[in-house]
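These are the residues of each chain, in order.
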Amino acid sequence: MLTVVLSGLRARWASFLGGFLALALGVGLLVTMGLGLSATFHAPERPPQRFASSPVVVQGQDRLTLDVRRGPGTASVAHRLDRPQPVDRELLRELRARWTVTPGDRSPSDTAPANASASAAPDAVGVDAPAAEVRALVGHRAQVLTGDERRRADPDRDRDADALVGVNALLGTAGGVTAFVSVFVVASTFAFAVALRRREFGLLRTAGATPGQIRRLLLAEAAALGVLASAAGCALGAAGAPLLTRLLVDGGLAPAWFTVGGPVWPFHAAFWTGVTVALAGALAASRRAGKVGPTAALRSADVDTDTLPAGRALLGTGLLLAGLGLLVWTYATDPSALLKRKTYTTLPMLLITGIALLSPVLVRPVARLLRLPGAVGTLVRESSAASVRRTAAVAAPVLVTVALAGTLFGSATGVTRAKGAEAREQTTAAYVAAAPSLRPVTAPAGAVLSPTGPTSVFVRDGDAAVVKYGARAVGDPAAFAELARLPVVDGDPRDLDDRSIIVNEEFERRRVGETVEVWRADGTGPVRLRIAAVLAVGTGDNGPYVTRANAPGSVTDRIDARGGGTAAVRALEASGGTVGTADAWAAAARPSGGSPQARLGMVLVLGIALVYTVIGLANTLLMATSVRGGELASLRLAGATRTQVLRVVTGEAALAVAIGTLLGLAVTALVLGALGAGLAALAAPVVAVFPWGTVGATAGVCAAVAVAASALPAWRLTR
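Since we're looking at a predicted model, the values are computed, not measured.

What follows is about the overall build of the chain. Within the chain one finds 21 helices and 16 strands. Summarising its shape, the C-alpha atoms of the chain cover approximately 100 × 60 × 50 Å along the three principal directions. When the 719 residues of the chain are sorted by exposure, 49% land in the buried category. Of the contacts made within the chain by residues no fewer than 6 positions apart, 83% connect residues no fewer than 24 positions apart. Of the roughly 31,600 Å² of accessible surface on the chain, 60% is carried by carbon and sulfur atoms. Computed over 70 positive and 51 negative side-chain charges, the separation of the two mean positions in the chain equals 13 Å.

Here is the structure:
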């Protein structure tokens, strides 16, 4: 058996080349992504900075810990505060009475309120004393940090870990797309290769081969191909990991210190995944090849019959219905989930896979609907409709890439533009000053200035959870009510004061006049605040809002202004922030095309899918056209010129790409339509964005590759 397998691989190396390249590339990318992911799991261990010279640090509590219900009992949950609580003044006096206490310098990145009192109690101090004695004195009034734990007192202690969150999400998405597309392309390549070898299998059956031997032959070929391709892919991944690191760092997706390590688990995971993918891709094809009898195989060698077996039809229908059902269910139960990258990245894959599996029954009616002029056009249309396997094998990878391009870029751009439009709609200001920290300013005559800043509130969600909400702190409630144009569902924002709160529909308690129990950003509380108004959820940035009395430590990062003419502009400039029109502020806060880093990440993901599609198209069409010598010779005998034959062959390839593009556009329209419906359900601006440029470029690359891959062997066969 091994001799037959190796001989077959040598004799038919061209038909296995595409599968080999796709599998090797997939394994290489998985190794590269795995090495990158392993580097994101642990941020570098940096030494303490703020209290590097102090052996012991006393810091105020930096977490809010509350008891919630867990089954029949209770459990404690902790949420990180925006900033640690100040150290108790009495405790400071006791520490200073016994030891040397160092207040510690705050780093420039620690943005304290511009109007904070210099005498305010510090959030942490260094103590030159034995740790055990300090713990005995402090007790439960504060935290005592020693050794590497002193890093927790650094204002930017989590900057390294936070910098890796986006890298982790990007590499995880890219790895998922790689696995999805590689399985699809490899399985499609094996299935089409087996379809082209039906005559060979028929001869083997006639010579006495059993169905089991046919299946084992194909699986052995797949295993040999998988081992060789996976080994090559591991070597490719080891070489590609440093290139990926450089791309991420140069593109601003990763911090400058980011580098891949040397764990071995990505190599093991990618190698065995590659072998498994090869075997899984050949399994269905081998079962199908082993089921036919010798005479049936010979009789159907040149005719497309049984193009959609019952198992494939059932699986494709199930996946398509599951994708549609999840889309409808998400819209009905949690439309805000449609705006999340995880949803619009993964959910379309169910629809894509379902339609791709059903493509043999879809390509024929779509091909018949397309009216092509002339005798060559008629021949192209009828040949494509008759050769269902070949047309579907070309259309399927195009469908995958076009649908991914449309859904990824369309959804991301649509959500970003909707957020920008929503932000602009929610203020009537003429000018906005923005910066991480703004100085307080006085409104000139005739001007209305509304300063706001970020804060957090903690609210119980039932008795089983505590939710941390990102909120906005309002400096002047009257000015805020005059300039804000919020999506109010109930109540009146003008009723906001130090004893009330504006919530959104995500809150468990959301009736105007009710009270809600809130812990502030520094963990103080609970305080009971009356609900003054309820807002629609929108794209996720609508409330809650509280006054500065309930936002300790909040720093003003935005001042809206209207009226006052040039005097108001000069006042905003005195705040130290970037001053511009409200339109310019909204455009800068939410660029219509998304951030450059986000676009680079999507281009990386789409590039992976496009490379796979190119490999799949080239391999399929080279194999398919190379075995059409008799058919093309018949066309020449019937009077067709060589140019006409080439036009027929390339026209069929272009038509198959067009069919795949149309199916991909259908998936894109479905996903973007659901996104628009979700935005409407959330009372957010519905911004219709269809990435025609990206989809057109993707389809153009596919068409160019398909035409070239079909024209070259056709030109050779018609010499």
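For the rest of this paragraph, the subject is helix α11 (residues 341-357). Compared with the 24 Å implied by 1.5 Å per residue over 17 residues, the 25 Å span of α11 between its first and last C-alpha is a close match. Counting buried positions over the 17 residues of α11 gives 13, a clear majority of the element.

One pass over the structure, following the stated rule, counts 16 salt bridges. As a salt-bridge pair, Arg530 and Asp497 come within 3.7 Å of each other at their nearest N and O atoms. Within this pair, whereas Arg530 is found in strand β13 (residues 527-535), its partner Asp497 is found in the loop between β10 (488-491) and β11 (500-504), the two being separated by 33 residues in sequence.

Further remarks concern the sheet that holds strand β5 (residues 124-128). The strands making up a sheet are joined through hydrogen bonds of the backbone, oriented either antiparallel or parallel. Taken in spatial order, the four strands make up an open sheet running β4-β5-β1-β6, and their pairing is antiparallel. Of all the strands in the sheet, just β4 (100-102) and β6 (143-146) have a single pairing partner and so form its edges. Strand-to-strand, the axes of this sheet are offset by a mean angle of 30 degrees, without reference to chain direction. Here β4 pairs with β5 via three bridges, running antiparallel. Across the sheet, the residue bridging to Thr100 is Asp128, located in β5. Helix-sheet contacts for helix α3 (residues 89-98) involve β1 (56-59), β4 and β5, and the interaxial angle to β5 is about 20 degrees. Sheet contacts for helix α4 (residues 131-138): β1, β5 and β6; angle to β6, the most-contacted strand, approximately 170 degrees.

Attention now moves to the packing of aromatic side chains. Tallied over the entire structure, the rule returns four aromatic pairs. Taking 5.0 Å as the distance between ring centres and 90 degrees as the angle between the ring planes, the aromatic pair formed by Phe271 and Trp272 counts as edge-to-face. When its relative accessible area of 18% is taken as the criterion, Phe271 is described as buried. Overall, the relative accessible area of 52% leaves Trp272 in the exposed class.

What follows covers the environment of Thr661. Its location among the elements puts Thr661 in helix α20 (residues 642-681). Sequence-distant contacts of Thr661, defined by excluding residues within four places in its chain, comprise Val398, Val402 and Ala699. A polar side-chain atom of Thr661 sits 2.8 Å from the main-chain carbonyl oxygen of Val657.

Residue placement: Thr427 occurs in the loop between α14 (388-425) and β7 (431-434). Taking relative accessible area as the criterion, Thr427 reaches 1% and is therefore assigned buried. At a separation of 3.0 Å, a polar atom in the side chain of Thr427 contacts the side chain of Asp560. Dropping the residues within four chain positions of it, Thr427 is found in contact with Leu483, Arg485, Arg558, Asp560 and Trp585.

Another point: the packing of helix α13 (residues 374-386) against α14. Look at α13 against α14: their axes get within 5 Å of each other, and the N-to-C directions meet at 90 degrees. On the basis of the axis angle, α13 is roughly perpendicular to α14. Contact residues: Ser383, Ser384, Ala385 and Ala386 in α13; Val388, Arg390 and Thr391 in α14.

Turning to the pairing of β1, a few remarks are in order. Of the two faces of β1, the one holding Val56 and Val58 and the one holding Val57 and Gln59 are both buried throughout. As paired strands, β1 and β6 are joined by four bridges and run antiparallel to one another. Bridge assignment links Val57 to a residue of β6, and that residue is Leu145.

Turning to the confidence of the model for the chain, a few remarks are in order. For the chain, the average pLDDT comes to 83, and 90% of its residues sit at 70 or higher. Within the chain, helix α9 (residues 294-299) has the poorest average pLDDT of any element, 55, and strand β14 (residues 545-547) the best, 95. Counting contacts from residues 106-118, a segment whose pLDDT is below 50, to residues more than four positions away or on other chains yields 16 contacts.

Relative to the assigned elements, Gln143 resides in strand β6. Side-chain polar atoms of Gln143 contact the side chain of Arg152, separated by 2.6 Å. Every residue in contact with Gln143, bar those within four places of it in the chain, is listed here: Val57, Val58, Gln59, Gly60, Gln61, Asp62 and Arg152.

Rules and cut-offs
Residues numbered from 1 in each chain as written. Predicted model: local features only at pLDDT ≥ 70, side-chain atom pairs only at ≥ 80, totals over all residues. Heavy atoms only, no water. Helix = DSSP H or I, 4+ residues; strand = E, 2+ residues; numbered from the N terminus. Buried < 20%, exposed > 50% of the residue type's maximum accessible area, 1.4 Å probe, protein only. Contact = heavy atoms within 4.5 Å. Areas by Shrake-Rupley, 256 points an atom, 1.4 Å probe, with all protein chains shown as cover. Lys, Arg positive; Asp, Glu negative; His and termini not counted. Charge placed at Lys NZ, Arg CZ, Asp CG, Glu CD. Expected span 1.5 Å × (residues − 1). Salt bridge = Lys/Arg side-chain N within 4 Å of Asp/Glu carboxyl O. Pairing = 2+ DSSP bridges. Axes fitted to C-alpha atoms, helices over the stretch in contact; angles between N-to-C directions. Phe/Tyr/Trp six-rings, centres within 6.5 Å; stacked < 30°, edge-to-face > 60°. Polar contact = N/O pair within 3.5 Å; in protein donor to acceptor, adjacent residues only side chain to side chain. Parallel < 35°, antiparallel > 145°, perpendicular 65-115°, else oblique. pLDDT = per-residue confidence, 0-100.

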